[in-house]
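Below, each chain spelled out in residue letters.
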Amino acid sequence: MSREFSVVIERDKDGYFVASVPALRGCHTQAKSLDVLMKRIKEAIELCLEVEEPTATEFIGVQRVAVTA
């Protein structure tokens, strides 16, 4: 059975790509390249699905918000 998940990808201050899956609590990984990151997040999703069911979420989008700090 094939399932699809939304994956959020960011780059940290050290240049690593960080991926997380909002529908699976604690499901995240990092890598130096996007190719490796995608392989790792697929593995992470498979492992997370062994111990939990995903929460029902619908990806709407990303919005940037500016604040004065």
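Check the entry above for the structure.
Small disclaimer: the values here were computed from a predicted structure and weren't measured.

**Topic: the pattern of salt bridges**
Next up, step 1: Taken as a whole, this structure holds 2 salt bridges when the rule is applied.
Next up, step 2: Note that Lys13 and Asp14 form a salt bridge whose closest N and O atoms lie 3.8 Å from each other.
Next up, step 3: According to the relative accessible area criterion, Lys13 is exposed, its value standing at 78%.

**Focus: the pairing of strand β3 (residues 28–31)**
Next up, step 1: Alternating residues of β3 divide into Thr29 and Ala31, all buried, and His28 and Gln30, none buried.
Next up, step 2: Relative to β3, strand β2 (residues 17–20) is paired through 4 bridges, and the arrangement is antiparallel. Within β3, the residue paired with Val18 across the bridge is Gln30.

The rules behind these values
Residues numbered from 1 in each chain as written. Predicted model: local features only at pLDDT ≥ 70, side-chain atom pairs only at ≥ 80, totals over all residues. Heavy atoms only, no water. Salt bridge = Lys/Arg side-chain N within 4 Å of Asp/Glu carboxyl O. Buried < 20%, exposed > 50% of the residue type's maximum accessible area, 1.4 Å probe, protein only. Helix = DSSP H or I, 4+ residues; strand = E, 2+ residues; numbered from the N terminus. Pairing = 2+ DSSP bridges.

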